[in-house]
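# Structure assessment
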Amino acid sequence: MSAEKSSTSFRDRQERLRALMEARRVPLIVVTHLINVRYLTGFTGSAGMVILGPSQGILWVDPRYTLQAREQAQGVEVLEEKKGILKAAAVWLGKNGVREAAFEAANLSVAQFDLLRQEAGAGVSLKPAGELIEELRVVKDREEIEAIRSAGKVTAEVFAELLPHIHPGATENDLAAEIEYRMRNKGAEGAAFETIVVSGPRSAYPHARPSTKALQESESVIFDLGAIVDGYAADMTRTVFLGEPGRRQRNLYSAVLKAQAGAIRAAQDSAPAGKVDSAARRILAKHGLARYFTHSTGHGVGLEIHERPRLGKGETTCLRSGSVITVEPGVYLEGFGGIRIEDTVLVGPDGPEILTPAPKDNWIIG
């Protein structure tokens, strides 16, 4: 993306946050969550802190990141602090007559909060900000969507390239390593999470880690992978069978595929997140499989692999055009194995769009 577009995007996000702060009567916010610092300013370092108010926009960094922050950060003044950025920001609050400031409670330890309160002084009232920035991040802007689209394209291409390497005797670890190597080879920053490759009875564990186990004939194999491009993640799961699957395996795969298709159709602008979850569960229930679906149907994805909204039972948060979510129903049968099919999906004004375009019909290997 060009510097001009990047600058406009970050300044737009800051103005959206200021508008939300005004509506919620939040005069000033102290941003300590690095993901939110990046979202607001573009700064990607591992130590940074932002104060944003109606007319204030300051990013504190330590000397390791001064040059990087000056190159990356948009819409804020960059200040270098050698003796602790949290202390420096707190002192700034006290010296500038700030009476009330919001802070990100989920991202401050008790010790850090005590330091913030002590250095700011008794005249500054500190209140939890809630999830103001996370609320904004639910709706992606054009540049965010294009980054996720690119990550989804890389993810799908890598899986297509992996298919010839899936055979009896290959190990879960080797296939996971091959996936992550190919992601970087295609220009991704790396994997968005630890790649999952699990086979046979181990595929009944939804989030098992790959092992030295070798794949065997007639087993199901779950691949859960996602590339990260320009800081944004994709998330995709495919299940394949080594050799001709039996009737039970075919029926299970068909049921999960239908459940995913139904859930994707339900992912419409203004639809409650819980409606997507219930769409998947209804279809699995018709096949007598509801009790084997042990996790939520999906989650938001973006700068973090798991972010708002959650697509679970009874979730009332409404999807919005620009939301990017995963849709990932699965069934897991102890001693037999599991099946999960997942895509990253953009909720658009004209309906859902799959951003991880890997086929789901090439699920029999050999």
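This report concerns the structure included in the present document. What you see is a predicted model, and the numbers here were worked out from it, not measured in a lab. (Residues numbered from 1 in each chain as written. Predicted model: local features only at pLDDT ≥ 70, side-chain atom pairs only at ≥ 80, totals over all residues. Heavy atoms only, no water.)

## Brief notes about the pairing of strand S19 (residues 351-354)
Note that strand S18 (residues 343-348) and S19 share four bridges and pair antiparallel. By the bridge assignment, Val 347 is partnered in S19 with Pro 352. Linking two consecutive strands that pair antiparallel, namely S18 and S19, is a turn of two residues. (Pairing = 2+ DSSP bridges. Helix = DSSP H or I, 4+ residues; strand = E, 2+ residues; numbered from the N terminus.)

## Concerning the nonpolar core
Leu 17, Ile 29 and Leu 59 are the most contacted members of the largest nonpolar core, which has 37 residues in total. Sorting the residues of this core by element identifies helix H1 (3-23), strand S1 (29-31), helix H2 (34-41), strand S2 (49-52), strand S3 (57-61), helix H6 (132-137), helix H7 (142-162) and strand S11 (232-233) as the ones contributing at least two each. Setting aside its immediate chain neighbours within four residues, Ile 29 contacts Leu 17, Met 21, Val 50, Ile 51, Leu 52, Ala 102, Ala 129, Leu 132 and Ile 133. Membership of the second largest hydrophobic core comes to 29 residues, among which are Phe 241, Ala 263, Ile 325 and Val 347. (Core = buried A, V, L, I, M, F, W, Y, C linked by side-chain atoms within 4.5 Å. Buried < 20%, exposed > 50% of the residue type's maximum accessible area, 1.4 Å probe, protein only. Contact = heavy atoms within 4.5 Å.)

## Let's talk about unusual backbone geometry
The omega torsion of the bond from Arg 308 to Pro 309 falls at 0°, within 30 degrees of zero and hence cis. Mapped onto the elements of the fold, Pro 309 is located in strand S14 (residues 307-311). For Arg 25, which is not a glycine, the phi torsion comes out positive at approximately 60°. Within the secondary structure, Arg 25 is located in the loop between H1 and S1. The exposed category is assigned to Arg 25, whose relative accessible area is 75%. Positive phi, close to 80°, is recorded for Ser 270, a residue that is not glycine. Tracing the sequence through the fold places Ser 270 in the loop between helix H9 (247-266) and helix H10 (273-286). The class of Ser 270 is partly exposed, set by a relative accessible area of 47%.

## Looking at the environment of Ala 47
Looking at where Ala 47 falls in the secondary structure, it is placed in the loop between H2 and S2. Take Ala 47: its relative accessible area is 14%, and that puts it in the buried class. Sequence separation of Ala 47 and Leu 136 is 89 residues, and the distance between their C-alpha atoms is 22 Å. Setting aside residues no more than four positions away along its own chain, Ala 47 makes contact with Leu 34, Trp 60, Val 61, Asp 62, Arg 64, Tyr 65 and Ile 85.

## Overview of the pattern of salt bridges
The final tally for this structure, using the stated rule, is 26 salt bridges. Its salt-bridge partner being Arg 137, residue Glu 307 comes within 2.7 Å of it at the nearest N-O pair. Here Arg 137 lies in helix H6 and Glu 307 lies in strand S14, a separation of 170 residues in the sequence. Judged on exposure class, the residue Glu 307 and its partner Arg 137 are both buried. For Arg 182, the salt bridge is made with Glu 178, and the minimal N-O distance between the two is 2.6 Å. With Arg 182 and Glu 178 both in helix H8 (residues 172-185) and four residues apart, the pair spans about one turn of that helix. Members of the salt-bridge network, linked through shared partners, are Lys 153, Glu 157, Glu 161, Glu 178, Arg 182 and Lys 186. (Salt bridge = Lys/Arg side-chain N within 4 Å of Asp/Glu carboxyl O.)

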